[in-house]
Each structure stands twice: as structure tokens, then as C-alpha cells.
Amino acid sequence: MSEKILKKLQILADSAKYDVSCSSSGSKRKNTQRWLGNTNGMGICHSFTEDGRCVSLLKILLTNHCIYDCAYCVSRRSNDVQRVAFTVEEVVSLTMHFYRRNYIEGLFLSSGIFKNSDYTMERLVRIAKTLRTEHKFNGYIHLKTIPGASDELVREAGLYADRLSVNVELPTEQSLVKLAPEKNTADIVKPMSFIRHTIEENRQEIQLYKHAPAFVPAGQSTQMIIGASPESDWQIMQQADSLYKNFHLKRVYYSAYVPVQQDQRLPDLHSLPPVQRENRLYQTDWLLRFYGFSVNEIFNPSAPNLETDVDPKLAWALRNLHLFPVDINRADYEMILRIPGLGVKSAKKIVAGRKFHHLTLDHLRQFGVALNRARYFLICIGWNGYRRDWNAAEIKRQIIAGNAQSTQLSLF
């Protein structure tokens, strides 16, 4: 690898680290004798950094040149950074080089916007097309769709990429106007809507024609920057819930804002990224998608932000003690899912296991239930739940104290 390419890689890989929306689950590309690489039904193997960001893909920008001046972006037009750009051939070569060395199993490609949206999007499409058609690369490809790009280019991108994503950037249009005044919501929503409808059309086409080419088999996703603008957690999750319902997204990613330069519209340059808040939002997102909760159930109208000392499921249970304790040998699956400390797998094991015998705490331990939290909210053979004279504050204190003790013990 030449020093010139290595220098570009260092700059453009570093700039790409702020985009966290790179999950590969959902795509099925099987390896054959004629193709190189494999993306199976479980997704490709990932490595994760300590803050949860995926590093298993070659994750780069095509360029950090940009015609926009978004306040929160390291590649903003007014930022004094070294500007570089890969050629189409260089990205293709890097992807194949790193794949053959077993460093990566796929490509996550985004870009700043130079000249205009179509000019940039056309190059992203050419990279994916070249990898698929000329190099027979069958690994995972995630392309960032450039807002404002034509439907024709987005459609072509979806034939070569496993996943497409369009970043909504910020939780509300008001913040977008303030921090990215050259962008508009319509340009962001339009490709998301087009991708959704094309995916639906493609599913019908595949039912009629077995060998019809798949369009974005791993679906679409988006990303919101958290902490750069003043929205509450309730507003953020309302937006996420709307995106899931309106565009059938696979994931909404929440990226804790990392200060990149001083700007009076943004948090102080020396402020820390709100990583704990990001984690709580992901937990809430999980409750919406897999646990049957609604946004208005999770948030207390008088407190629009999530609690920092307990997870949102536990916070909900403490506000609704009249629904507990739950008899795990009798309650329906939906209510068992709402017990703090129980996940989807544990709930399914409980429903399946109680068909054969009455369940006890020992069974729950075997199922992997976090009894430090769950025992206050359930009834089973040999266990009658929390003490009736304990209120929500006392239960919360006991759980937090138990968590602190477990953490201390785990250090030795």
C-alpha cells in the first residue's frame, strides 16, 4: 500500500468513526465457487469497541470534502482540516486487500458531499457495483444514501448494497434548521420513503419471480446525534417510534455527540459525550421493538428524560407497582416480558418450561434471569415477591445497592 493511500485511509477512516450505524444483520448472501466472501443469515462477525461501536467492517468516507457547513460535523465546510478523497478504484482495491488479509468481512461506505448529491452518490454506487460484478465480492456492503440523490441512483445502489441508510441527523426539524441550515427534512425523508416502497415492491416481485434481484436485503437504518441539540429523551424516542412505523427501519442508531470544534450553537468543546444517555436510549429502543412497550408508557409526563441510575424497564415497573408481583406460572407472555431482569429469551423459556412443571427461583437462575431485579416483581414456587411494606423508593434502593455490591465483587 502506498504512503499516499495510507494517508488517505488514516484521515477518512478517522472521519468515519462518528457514524455508528453499521450493523449487518439481516442479509443472506451465500458463498459459492464463483464468489468471494460470505454474508450468512446471522450477519457477519463483529468486533466492538468499549463504547459499542462496530469495527468489523472497512468503515471509511469516500471523501471529507463537503459542500455543507453542519455545525456538528468534523467535515463541515468551514472546518480547517486536511481534505482528501479516494477514487473509486482505490476504495475497491482497499476493500479487496483488507478482505483477503482477513481484516474485514465487509464495507461500510459513507461520504461528504462534493459538487452535488448525484455526483457523490454515483461514485458510491460504482464502488459497490464494481465489487459485485468485477471482483465477485459477496461480503456485506452498507452504503450511506446521500440526501437529494435521484431515485434512479438510490434504486441502483439497493441492487448492490445489503443495507442502505439515510441519516436524519437530529431529532427534530427545528434543530436541523439551527445546526444544519443548508439541509432540509424533505431531502432526508424522500429517499427513506422511496427505499421503503421499493423494498415492498421487491418482496412482491421475488414471490412471483424466484430469481429476481434482491433490493436492500438487510433493510434500511438511520442515525440521530444525541446531545448536540436540546431535545428531551421523550422527543427523541417519539421521533424514533415514528421512523420505525413510517419507514419500517431495521434500526435507529443513537450517537452520543462528540464535540469536534467550538461553536456557540453546540455544547462546550470540553464537554464529555453523553454515552450513558446513549445507552439508556438504546435500552428504550429495545423495549419499543421487542417488549411491546409504547413511548407514552415508558416516559413519565412530568419527567421527559430517562433516569440515569436505573434502566427504563425497571423505572416503568417502579411507577406501576400495582401490576406486580407477577405469577410466572400463570401470567401471559406479554406480562412476563415486563418483569425487570427478564429478557425475551428468558420469557420464552419460562412459558415453555412451565408446561412441564411449576417453576422456582432455581429454574429462573438456570434461565439466566437477573434475580437481583426480578425477585421484587414476581411470584413463583417458594417465593412470594417483595415485602408489601416496601415502596418504590425502597425497592430501588435495594436494587441499586445490590448492583453496587455485585460490581465491587466482580473486581476481585
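Each value, and the rule that gives it
- Residues take numbers from 1 onward in each chain, read along the sequence in its written order.
- Per-residue local features are limited, in this predicted model, to residues with pLDDT of at least 70; the limit for side-chain atom pairs, both in listing and counting, is 80 or more; totals at the level of whole chains, interfaces and linings are taken over all residues.
- Note: side-chain values were computed over all heavy atoms of the structure, leaving out hydrogens and water.
- Numbering of helices and strands runs from the N terminus, with a helix taken as a DSSP run of H or I at least four residues long and a strand as a DSSP run of E at least two residues long.
- Helices are assigned an expected span. That span is 1.5 Å times one less than the residue count.
- Only protein chains enter the accessibility calculation, which uses a 1.4 Å probe; a residue whose area is less than 20% of its type maximum is buried, one above 50% is exposed, and one in between is partly exposed.
- In this analysis, two residues are considered to be in contact whenever any of their non-hydrogen atoms come within 4.5 Å of each other.
- By construction, the arc corresponds to the directions joining the helix axis to the C-beta atoms.
- The axes are straight lines fitted to the C-alpha atoms, using for helices just the contacting stretch, and the angles between their N-to-C directions are given from 0 to 180°.
- Oblique is the label for every angle not falling under 35 degrees (roughly parallel), over 145 degrees (roughly antiparallel), or within 65 to 115 degrees (roughly perpendicular).
- Rotating anticlockwise by less than a right angle from the far helix to the near helix defines a left-handed crossing, while the corresponding clockwise rotation defines a right-handed one.
- Under the grouping applied here, Gly and all other residues not named as nonpolar or charged are polar, the nonpolar ones being Ala, Val, Leu, Ile, Met, Phe, Trp, Tyr, Cys and Pro and the charged ones Asp, Glu, Lys and Arg.
- Two strands qualify as a pair provided that DSSP identifies no fewer than 2 bridges between them.
- Crossovers are marked right-handed if the path from the first strand over the helix to the second runs clockwise, as seen with the strands pointing away from the viewer.
- Between Lys or Arg on one side and Asp or Glu on the other, a salt bridge is scored when a side-chain nitrogen of the former is within 4 Å of a carboxyl oxygen of the latter.
- Summary of the metric used: pLDDT quantifies the predictor's per-residue confidence within the range 0 to 100.

Relative to the 18 Å expected for 13 residues at 1.5 Å per residue, helix α2 (residues 88–100) spans 19 Å between its end C-alpha atoms, a close match to the ideal helical length. Those residues of α2 that fall on the buried side of the exposure criterion are Val 88, Glu 90, Val 91, Val 92, Leu 94, Thr 95, Met 96, Phe 98 and Tyr 99. Those residues of α2 that are buried are in contact with α1 (3–16), β1 (58–61), β2 (106–110) and α3 (117–133). The positive-phi residue at the C-terminal boundary of α2 is Asn 102, with phi of around 65°.

With that out of the way, let us pick up the side chain of Asn 202. Note that Asn 202 resides in helix α6 (residues 185–208). Asn 202 sits in the buried class, given a relative accessible area of 9%. Apart from the residues within four sequence positions on either side, Asn 202 is in contact with Pro 213, Ala 214 and Phe 215.

Now for helix α12 (residues 344–353). All buried positions along α12 are accounted for by Ser 346, Ala 347, Ile 350 and Gly 353. The buried residues of α12 all sit within an arc of 135° when viewed along its axis, so they share a single face. Along α12, the residues that are exposed and aim more than 90 degrees away from the buried face are Lys 345 and Lys 348. Each element contacted by the buried residues of α12 is listed here: α11 (333–336) and α13 (361–367).

Turning to the packing of helix α4 (residues 151–160) against α6, a few remarks are in order. Interhelical geometry of α4 versus α6 gives an angle of 50° and a closest axis separation of 10 Å. Considered as vectors, α4 and α6 are oriented oblique to each other. Taken as a pair, α4 and α6 cross one another with a handedness that is right-handed. Here Asp 151, Val 154 and Arg 155 of α4 come into contact with α6, specifically with Lys 190, Phe 194, Ile 195 and Thr 198. Grouping the amino acids of the contact of α4 with α6 by side-chain chemistry returns three nonpolar, one polar and three charged.

Our focus in this paragraph is the side chain of Ser 15. With respect to the helices and strands, the residue Ser 15 is situated in helix α1. Discounting residues that sit within four places of it in the chain, Ser 15 has contacts with Leu 61, Asn 64, Val 74 and Ser 75.

In β1, alternate side chains face the same way, and those of Leu 58 and Ile 60 on one face and Lys 59 and Leu 61 on the other are all buried. Sheet topology note: the β1/β2 ladder contains four bridges and is parallel. Residue pairing for β2: Lys 59 is matched across the bridge by Phe 108. Read as a crossover between parallel neighbours, the route from β1 over α2 to β2 is right-handed.

Looking now at the sheet that holds β2. What the six strands build is an open sheet, ordered β1-β2-β3-β4-β5-β6; its pairing is parallel. Pairing within the sheet leaves two strands with one partner each, and these edge strands are β1 and β6 (251–256). Here the average twist between neighbouring strands, direction ignored, is 20°. In this structure, strand β3 (residues 140–144) lies alongside strand β4 (residues 163–165), joined through three bridges in parallel fashion.

It is worth spelling out the pattern of salt bridges at this point. Tallying each qualifying case throughout the model produces 22 salt bridges. Lys 183 is paired through a salt bridge with Glu 169; the nearest N and O atoms lie 3.1 Å apart. Of this pair, Lys 183 sits in the loop between α5 (173–179) and α6 while Glu 169 is found in the loop between β4 and α5, placing the two residues 14 residues apart along the sequence. As far as burial versus exposure is concerned, Lys 183 and Glu 169 are alike and both buried. The closest approach of N and O atoms between Arg 365 and Asp 362, which form a salt bridge, is 2.9 Å. Of this pair, Arg 365 and Asp 362 are both found in helix α13, three residues apart, which corresponds to roughly one turn of the helix. Using a relative accessible area of 46% as the deciding quantity, one classes Asp 362 as partly exposed.

α2 packs onto α1 with a crossing angle of 85° between their chain directions and a minimal axis gap of 12 Å. One finds that α1 runs roughly perpendicular with respect to α2. The segment α1 lies against α2, with Ile 5, Lys 8 and Leu 9 engaging Glu 90, Leu 94 and Phe 98.

Cis rather than trans, the peptide bond between Phe 324 and Pro 325 has omega equal to 0°. Relative to the helices and strands, Pro 325 resides in the loop between α10 (312–319) and β7 (326–327). The phi dihedral of Asn 102 is positive, around 65°, even though this residue is not glycine. Of note, Asn 102 is situated in the loop between α2 and β2. Although it is not a glycine, Val 216 sits at a positive phi angle of roughly 45°. Checked against the element boundaries, Val 216 lands in the loop between α6 and β5 (220–226). Val 216 gets classed as buried once you look at its relative accessible area, which sits at 2%.

Across the protein, pLDDT averages 88, with 89% of residues at or above 70. Confidence drops under pLDDT 50 across residues 39–45; counting only partners more than four residues distant or on other chains, this segment forms 24 contacts. Across residues 47–55, confidence stays below pLDDT 50; counting only partners more than four residues off in sequence or on other chains, it has 17 contacts.

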